[in-house]
Amino acid sequence: HGLEPNMSKISLIASYLIFAILLIFLMLNYEGFPGVSSEHPLGFFGWYDQGQYLKQLKDLMSNGVTALSSGIYPPGYMILAIPFTIFSQFFTDNYFQYSLIVLNTILVISSVIIFSHTLGKNKAIFFLLLLSFLIGFSDIVRNALIIPWSSSVTLFVASLFYYIIS
């Protein structure tokens, strides 16, 4: 009959914790994380895309909806940034960029949890452990999940829609 109900629930919770803790640990130790490298103190916010995201997000916070057409990205990117803008209000200017990192992490972990709920306990445990393995050993998977991109919002919305329709 598979795992006992309590053991299955404990295993699922342990799988969630393994995934979340590993993701956060890898993110904080990632070479592109702001402050990790003395050569590149801005980390991935010194990169072109993330630097532009940060700039446009600050503009959206300062100028409101009139800023939706500012910057080099089309307004769709800024519409995706609205949750980041709201969340960023809780951070001071010195720590503003970390709001992107924190919200990105919350969105990724939430997306994985929401999606795994559609699988059933045993498949969810397998999925979470496999994903944990992949973020630990695959640069492509790790980078897709820990670097703040607009795709984290898309991943969250897609997992939410999939949860609703399943």
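You'll find the structure just up there.
Note that the coordinates shown come from a computational prediction; the quantities given were computed from them, not determined experimentally.

Peer 1: Would you mind going over the overall build of the chain with me for this structure?
Peer 2: If you tally the helices and strands in the chain, you get eight helices and zero strands. Traced from its N-terminal end to its C-terminal end, the chain shows the element sequence α-α-α-α-α-α-α-α. Evaluated residue by residue, the chain yields a buried proportion of 39% over its 166 residues. For the chain, the proportion of contacts with a sequence separation of at least 24, taken over those separated by at least 6, is 63%. Carbon together with sulfur atoms contributes 69% to the accessible area of the chain, which is approximately 9,800 Å² in total.

Peer 1: Explain the packing of helix 6 (residues 121-137) against helix 7 (residues 139-146) to me, please; I cannot follow it from the model alone.
Peer 2: When two helices pack together, their arrangement is given by the angle between the helix axes and by the axis-to-axis distance. Contact geometry for helix 6 and helix 7: axes closest at 6 Å, N-to-C directions at 100°. Of the possible angle classes, the one that applies to helix 6 and helix 7 is roughly perpendicular. In contact with Leu 131, Leu 134, Ile 135, Gly 136 and Phe 137 of helix 6, helix 7 contributes Asp 139, Val 141, Arg 142 and Leu 145. Looking at the contact of helix 6 with helix 7 residue by residue, the class counts come to six nonpolar, one polar and two charged.

Peer 1: When you look at the nonpolar core in this model, what are you seeing that I'm missing?
Peer 2: For soluble globular proteins, nonpolar side chains are generally found buried alongside one another. Counting residues in each nonpolar core, the largest one holds 25 residues, and the members touching the most others are Phe 19, Leu 23 and Phe 44. Elements that contribute at least two residues to this core include exactly helix 1 (5-28), helix 5 (96-117), helix 6 and helix 7. Of all the elements, helix 1 adds the most residues to this core, at seven residues. Those residues within four positions of Phe 19 in sequence are excluded, and the remaining contacts are Val 108, Ile 109, Val 112, Leu 128, Leu 131, Ser 132 and Ile 135.

Conventions adopted
- Residues numbered from 1 in each chain as written.
- Predicted model: local features only at pLDDT ≥ 70, side-chain atom pairs only at ≥ 80, totals over all residues.
- Heavy atoms only, no water.
- Helix = DSSP H or I, 4+ residues; strand = E, 2+ residues; numbered from the N terminus.
- Buried < 20%, exposed > 50% of the residue type's maximum accessible area, 1.4 Å probe, protein only.
- Contact = heavy atoms within 4.5 Å.
- Areas by Shrake-Rupley, 256 points an atom, 1.4 Å probe, with all protein chains shown as cover.
- Axes fitted to C-alpha atoms, helices over the stretch in contact; angles between N-to-C directions.
- Parallel < 35°, antiparallel > 145°, perpendicular 65-115°, else oblique.
- Nonpolar A, V, L, I, M, F, W, Y, C, P; charged D, E, K, R; others polar.
- Core = buried A, V, L, I, M, F, W, Y, C linked by side-chain atoms within 4.5 Å.

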